[in-house]
Amino acid sequence: MAEDNHGSSRNMSAMSMSHKELGDEDARAVRVGDAARTNERLEFAGNAVRTAKYSPLTFLPRNLFEQFHRLAYVYFLAIAVLNQLPQLAVFGRGASVMPLAFVLTVTAVKDAYEDWRRHRSDRAENNRLAAVLSPGEGESAPFDFAPAKWKHVRVGDVVRVEANESPPADMVLLATSDPTGVAYVQTLNLDGESNLKTRYAKQETLTTPLDRLAGAVIRCERPNRNIYGFQANLELPGETRRIPLGPSNIVLRGCDLKNTAWAVGVVVYAGRETKAMLNNAGTPTKRSRLETHMNRETLFLSVILIVLCSVVATLSGVWLRAHQTDLELAQFFHKKDYLKTDKDDDNKNYNYYGIAAQIVFNFLMAVIVFQIMIPISLYISMELVRLGQAYFMIRDAKLYDESSDSRFQCRALNINEDLGQVKSIFSDKTGTLTQNKMEFRCASIDGVDYSDITRQQPVDGEPAWVPKVPVNVDREVVEMVRNGGDTEQGRNTREFFLALATCNTIVPLIMDGPDPKKKVIDYQGESPDEQALVSAAAAYGFALVERTSGHIVIDVLGQKQRFDVLGLHEFDSDRKRMSVIIGCPDKTVKLFVKGADSSMFGIIDKTLNPDVVQATEKHLHSYSSVGLRTLVIGVRELSQAEFQEWQMAYEKASTALLGRGNQLRSVAANIERNMRLLGASGIEDKLQEGVPEAIEKLRQAGIKVWVLTGDKQETAISIGYSCKLLTREMTQIVINSNSRESCRKSLDDAISMVNKLRSLSAGSQSRVPLALIIDGNSLVYIFDTDQEEKLFEVAIACDVVLCCRVAPLQKAGIVDLVKKRTSDMTLAIGDGANDVSMIQMADVGIGISGQEGRQAVMASDFAMGQFRFLVPLLLVHGHWNYQRMGYMILYNFYRNATFVFVLFWYVLYTGYTLTTAITEWSSVLYSVIYTAVPTIVVAILDKDLSRRTLLKYPQLYGVGQREENYNLRLFIFIMMDSVWQSVAVFFIPYLAYRNSAIDSASLGDLWTLSVVILVNIHLAMDVIRWTWVTHAAIWGSIVATWICVIVIDSIPSLPGFWAIYKVMGTGLFWALLLAVIVVGMIPHFAAKAISEHFMPSDIQIAREMEKSQDSHDVSHPEVQLSTIARA
């Protein structure tokens, strides 16, 4: 017996096991109803789950580790430690620690609260109760189900799940309340689909009492992330035959049991090994791109700080060396303590360590004095600005969804500015781009086109069965179905709709309607296409009203008829079609097949009715050209010998241990041939409002859109055309492989095609647009064989990428593929639980608060109601947020650097003693009251361009993608500006007063007022949109500075008492203030003037348009931006 010799295998390759044939060496053994023996050799994972990031023991070290990713925090921690040393204590010891401790504590409290909520959710989940089979007290006592907490469920336990409940773990079905073993499940939390899906218990276990199943053994594949695949074998006691188990026999944790009274199953995967948990990528810590770049600038500021401190320390050493003989009796410098003597009456050595030590002390003291060079207040300002930006995004009426009555939600406040730098969008399809609502629009039946919408109308008469989704019917077709049974066209039309009603896996749910004479049918199924087709068949008089595992009941024009389901070949990506073998009431056996036109015309017998085939092909082209999803339908009547031959081959293939999938495909291919063409259907997949226009705007903004969906390839391609993501001019590269070798060859062929087209385009003006279409199976082989680099090379060369049939973690893997190999800002958007991993992996995650649950919203950074809201969110709010935050960060660097340089110049003229003329209170209040409020207000309210302009010219979004508002060049410029302004602030008053008797306190007040006024006027010069709040903040801060300086100098106990009153009464004081402002602002004013008149940017051009044109002219289409030329 081969048991799992690894227990948990979470780190295995994502899904490759589900696509290999199962052998004993790859299996784990599960004993039905005997958890003790199942786990006796190697303990499998328990069923307790944990989604929280921290534990009580790990919270403090891990949270501090994450916070100290901000290098500025490391810097201020070092400053606080230095200030604790007696020789370096410039400020009070407690005061030096308080700012950093406050910031760390606030952040830690926020993180602790969020993680406490996750812990609370985990406890609620783990303590839910499940009914677990347990033996009676005596040997003859019957087995019974007893309640047990989910966290105590183990692999091997037999569990009973009631209707509307979720299984506690992944379990193989043994029995259900349906006599045929059918169970209906909703996989909303796994793949985002709300439609019901069918699962089956094997007949062998269905008819065997549970006590006799106790010795059965299930050998299943090891835990993996593939929610669409499962392979296992079941051995019953006393039998050597192995019963094959597949995806239709397993119910996964996270599903809900629907329309089934109860189901019993045996747990095969528990806890962290369940497919739902393996697809949970965890809760990441996201930091904005600007904040990451701030570490770079923080390092540069640290270098500047070190240079300043080194200059001060070196010059102080030179000065001490030159004056060492003169300083013996000077205060602070004498080497002997002349008040104390030793036993020999010699003076004791004073606390003097020599020139070398004094140089080191001066260096460290300089670091403490100049510490404001790196502004810790910036991080608090950024949080306040993000809060204000979030408020205006939430209150934006353009982001309000009336249909769901939902406002925009800002769930993560630390990445607002990333919305302005997105280059790649990864989008789910169902429920994100579409409404997940299909509508039957037209059909081609027996070569006749029924697409004239003028003939379509609601169903008339009094039908007994009404589909829940109303369907408009063609009057001519209705007449043909009802009264044309004697004609060949009428018989073919009836057979067409009979095919639609039978060739599917739809589950009909009968409900009472408002009219007691009419029953409403809610059709549930995995495919919205099938729902639309079956609803159309019901509207035309062929209503599917009942389904069991062996037969279906169809109401044919008012008469119920039973059709036996003798065989079913489900849709797969190889055949691109599905087929069903039906035993009809007239004892005939018919094979109905439907599928994509590329697949169906290969099995159609074109000699039977060539004119019909030709006409149908023409109709299909016209349907697809308007974005409709098309399917071709065929039929063939089987002889008894053909059916029996198929049945024997099918039974042999379905019980094969090796090559089961290939054998079943071969059986299907043998029977699906020589089909007679019935016709084709056209279905409209209703897009959300404004999706095509939104995608076009995003592409004009330079954003690449990827679509990652769990739907089949044809569905994704059809939606691509509908939303204008795909165009007829695009060359499609399709990678749809079933083996590693074929996948490798497809990738190599794709790279060759890309290179060939690239070389052809190089010599011409036109470029051939490319679209990559790849399925989940191929991604399995790519990620399993380290072919990611080739996939990336192909994908990055394509204009559009469509990924079909992808599992949740594969979506995250694709996002990670781009993140690791480019610096592009990524955004993921989805509406279902299957999108959670992708949303968490991307730099920015957006959840659609639609009809598919709230898992995506809960895991997202932002949430909204419609895909089209991405346009105002990114192009307007994203642009504003990035522009404001980038400017605010640079301004804070400039503001603090200017102040530090003023202190530095003063130190050079005071014997390098690190004393300062600016009072300690002014130094503390400079970043808190004097200059903090204006930059916060401007960063929340200022708008460089109006919403109208930003939406009219999406190319303006490229400013953020190219990092034009925050980069190293701008940082260097503002530092040069700060040096110039500090020179003006310090030297103009110094030169004016150097021969006077003015005291240092009065000069310090003048410097304080000068630098505050100068940096606020600098800010005012850059403001674009003035409001009364902006005026109050900027000019009010200057007034507040005056008041504070006056108050400080009015307190007798503080140094500099009455200094401001002495100097403020002279005319020279006011003249110097004016001179400092004028001289200090000359470079900044000149740079703005030259830039805007001779080298205008796109933003400046658009701003001038707004100034010079009225609301009618601003939308003139002939204006061209320089972005287009640079692209």
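All of these numbers come straight from a predicted model, not from anything done at the bench.

Undergrad: I'm lost on the overall build of the protein in this one. Help?
TA: Helices and strands together make up the secondary structure of the protein, namely 37 helices and 38 strands. A burial count over the protein gives 54% of its 1127 residues as buried. Of the contacts made within the protein by residues no fewer than 6 positions apart, 74% connect residues no fewer than 24 positions apart. Summed over all atoms, the accessible surface of the protein reaches about 48100 Å², with 57% contributed by carbon and sulfur.

Undergrad: Explain the pattern of salt bridges here, please?
TA: Side-chain pairing between opposite charges can occur once the charged atoms of the two side chains come close. Throughout the structure, instances matching the rule amount to 38 salt bridges. In this structure, D522 and K468 form a salt bridge, with 3.8 Å as the shortest nitrogen-oxygen distance. Highlighted residues: D522 in strand β24 (residues 519-524) and K468 in the loop between β21 (465-467) and β22 (473-474), separated in sequence by 54 residues. The closest approach of N and O atoms between D748 and R744, which form a salt bridge, is 3.0 Å. Of this pair, D748 and R744 are both found in helix α20 (residues 740-762), 4 residues apart, which corresponds to roughly one turn of the helix. On the basis of relative accessible area, D748 is assigned to the partly exposed category, the value being 23%. By sharing partners, the salt bridges in this structure join R287, E291, E383, R386 and E417 into a single network.

Undergrad: Explanation requested: the sheet that holds strand β11 (residues 250-251) in the structure shown.
TA: Sheets are built from strands paired through backbone hydrogen bonds, the pairs being either parallel or antiparallel. Spatially, β3-β2-β4-β13-β5-β11 is the arrangement adopted by the 6 strands of the open sheet, whose pairing is antiparallel. Each end of this open sheet is capped by a strand with a single partner; those strands are β3 (144-149) and β11. Inspection of the sheet shows strand β5 (residues 170-176) paired to β11 by 2 bridges, in the antiparallel sense. In the sheet register, V172 faces β11, and the bridge partner there is I250.

Undergrad: So what exactly am I meant to see when it comes to the packing of aromatic side chains here?
TA: Each aromatic ring pair is described using two quantities: the centre-to-centre distance and the angle formed by the ring planes. Evaluated as defined, the whole model comprises 31 aromatic pairs. Ring centres of W1042 and W1070 lie 5.4 Å apart, and the angle between their planes is 15°; this geometry places the pair in the stacked category. On the criterion of sequence distance, the pair formed by W1042 in helix α33 (residues 1028-1048) and W1070 in helix α35 (residues 1067-1094) is long-range, its members being 28 residues apart. Here the aromatic residues F370, F901, F904, W905, Y906, Y909, F986, F987, Y990 and W1007 are joined through ring pairs into a cluster of three or more.

Undergrad: Sorry if this is basic, but what is going on with helix α10 (residues 377-394) here?
TA: For an α-helix, the turn length of 3.6 residues means that residues three or four places apart are oriented alike. Taking 1.5 Å of rise per residue, 18 residues should cover 26 Å, and α10 covers 26 Å from first to last C-alpha, within 8% of that figure. Within the sequence span of α10, burial applies to S377, L378, Y379, S381, M382, V385, R386, G388, Q389, A390 and M393.

Undergrad: What is the right way to look at the sheet that holds β24 in this model?
TA: Overall, mixed pairing links the 3 strands, which are arranged β21-β24-β23 in an open sheet. Whereas interior strands pair on both sides, the edge strands pair on one side only; in this sheet they are β21 and β23 (507-512). Here the average twist between neighbouring strands, direction ignored, is 35°. The pairing of β23 with β24 spans 6 bridges and is classified as antiparallel. From the neighbouring strand, L509 faces β24, where its bridge partner is D522. Each of β21 and β24 is contacted by helix α13 (residues 528-539), which is oriented at about 155° to β24, the strand it contacts most.

Undergrad: Looking at this model, I keep getting lost on the side chain of D775. Mind explaining?
TA: Relative to the helices and strands, D775 resides in strand β34 (residues 770-775). For D775, the side chain forms a polar contact with the side chain of S778, separated by 2.6 Å.

Undergrad: Hey, could you run me through the environment of E476 in this one?
TA: By the element assignment, E476 lies in helix α11 (residues 475-483). Here E476 falls in the partly exposed class, since its relative accessible area comes to 36%. Separated by 26 residues in the primary sequence, E476 and Y450 place their C-alpha atoms 8.3 Å from one another.

Undergrad: I'm lost on the environment of D861 in this one. Help?
TA: Within the secondary structure layout, D861 lies in the loop between α25 (855-859) and β38 (862-864). Residue class for D861 comes out buried when judged on its relative accessible area of 7%. Along the sequence, D861 and N414 sit 447 residues apart, while their C-alpha atoms lie 9.2 Å from each other. Among all residues touching D861, those that are not within four sequence positions of it are K286, Q409, C410, R411, A412, I415, D843, V844 and G845. In this structure the side chain of D861 is engaged in a polar contact, spanning 2.7 Å, whose partner is the backbone nitrogen of G845.

Undergrad: Please clarify how the nonpolar core should be interpreted in this entry.
TA: Most often, soluble globular proteins have nonpolar side chains that are buried together. Counting residues in hydrophobic clusters, the biggest one holds 89 residues, and the most contacted among them are F370, I889 and W1007. Tallying contributions element by element places helix α26 (residues 870-908) first for this core, with 18 residues. With 49 residues, the next largest nonpolar core counts F497, A532, A539 and I552 among its residues.

Undergrad: What am I meant to see in a positive patch on the surface here?
TA: The grouping of R117, R120, R123 and R411 at the surface amounts to a positive patch. With respect to the helices and strands, the residue R123 is situated in helix α4 (residues 93-126). R123 sits in the partly exposed class, given a relative accessible area of 44%.

Undergrad: Would you mind going over the pairing of strand β37 (residues 844-848) with me for this structure?
TA: Along any regular strand, the residues point their side chains to alternate faces of the sheet. Most of β37 is tucked away: 5 of the 5 residues are buried. The side-chain alternation of β37 yields two buried faces, one formed by V844, I846 and I848 and the other by G845 and G847. Pairing analysis gives 4 bridges linking strand β36 (residues 825-830) to β37, with the strands arranged parallel. The residue bridging A828 from the neighbouring strand is G845, located in β37. Both β37 and β38 contribute to a ladder of 3 bridges, which runs parallel. Bridge pairing links G847 to A863 in β38.

Undergrad: Sorry, what's going on with the packing of α10 against α26 here?
TA: The packing of two helices is summarised by the inter-axis angle and the distance between the axes. Axis separation between α10 and α26 bottoms out at 11 Å; the angle between their running directions is 160°. Taken together, the axis directions place α10 and α26 in an arrangement best described as roughly antiparallel. Judged by the twist between their axes, the crossing of α10 over α26 is right-handed. On α26, the residues that touch S377, L378, S381, M382, V385, R386, Q389, F392 and M393 of α10 are L873, H877, N881, R884, M885, M888, I889, N892, F893 and R895. Of the residues in the contact of α10 with α26, the class split is 10 nonpolar, 6 polar and 3 charged.

Undergrad: Would you explain a nonpolar patch on the surface in this entry?
TA: Taken together, the side chains of F300, L968, I972, F973 and M976 make up a nonpolar region of the molecular surface, amounting to roughly 460 Å² of accessible area. Element by element, the count of residues in the nonpolar patch is highest for helix α31 (residues 968-993), at 4 residues. Within the secondary structure, M976 sits in helix α31. In this structure M976 comes out as exposed when scored by relative accessible area, which is 52%.

Undergrad: Just checking my understanding: could you explain the state of the cysteines for this structure?
TA: Each disulfide consists of one covalent bond between the sulfur atoms belonging to two cysteines. Going through the model one piece at a time under the given rule, you end up with 0 disulfides. C803 forms no disulfide, and the closest cysteine sulfur to it belongs to C804, at a distance of 7.1 Å.

Undergrad: Which parts of the structure should I look at to understand the confidence of the model for the protein?
TA: Caution applies to low-pLDDT parts of the model: their predicted coordinates are not meant to be read in detail. Here the protein averages 82 in pLDDT, while 87% of its residues score no lower than 70. By mean pLDDT, helix α37 (residues 1122-1126) is the weakest element of the protein at 36, and strand β29 (residues 589-595) is the strongest at 94. Confidence drops under a pLDDT of 50 for residues 1-22, and excluding neighbours within four residues, the segment shows 83 contacts in the predicted structure. Long-range and interchain partners of residues 1110-1127, a stretch whose pLDDT sits below 50, account for 24 contacts in this model, where long-range means more than four residues apart.

Undergrad: So what exactly am I meant to see when it comes to the side chain of Q883 here?
TA: Relative to the assigned elements, Q883 resides in helix α26. Those residues in contact with Q883 that sit more than four places away from it in its chain are D942, D944 and N965.

Basis of the calculations
Residues numbered from 1 in each chain as written. Predicted model: local features only at pLDDT ≥ 70, side-chain atom pairs only at ≥ 80, totals over all residues. Heavy atoms only, no water. Helix = DSSP H or I, 4+ residues; strand = E, 2+ residues; numbered from the N terminus. Buried < 20%, exposed > 50% of the residue type's maximum accessible area, 1.4 Å probe, protein only. Contact = heavy atoms within 4.5 Å. Areas by Shrake-Rupley, 256 points an atom, 1.4 Å probe, with all protein chains shown as cover. Salt bridge = Lys/Arg side-chain N within 4 Å of Asp/Glu carboxyl O. Pairing = 2+ DSSP bridges. Phe/Tyr/Trp six-rings, centres within 6.5 Å; stacked < 30°, edge-to-face > 60°. Expected span 1.5 Å × (residues − 1). Axes fitted to C-alpha atoms, helices over the stretch in contact; angles between N-to-C directions. Polar contact = N/O pair within 3.5 Å; in protein donor to acceptor, adjacent residues only side chain to side chain. Core = buried A, V, L, I, M, F, W, Y, C linked by side-chain atoms within 4.5 Å. Patch = residues over 30% accessible without salt bridge, like charges linked within 9 Å, V, L, I, M, F, W, Y side chains within 5 Å. Lys, Arg positive; Asp, Glu negative; His and termini not counted. Charge placed at Lys NZ, Arg CZ, Asp CG, Glu CD. Parallel < 35°, antiparallel > 145°, perpendicular 65-115°, else oblique. Left-handed = near helix turned anticlockwise from the far one by under 90°. Nonpolar A, V, L, I, M, F, W, Y, C, P; charged D, E, K, R; others polar. Disulfide = S-S within 2.5 Å. pLDDT = per-residue confidence, 0-100.

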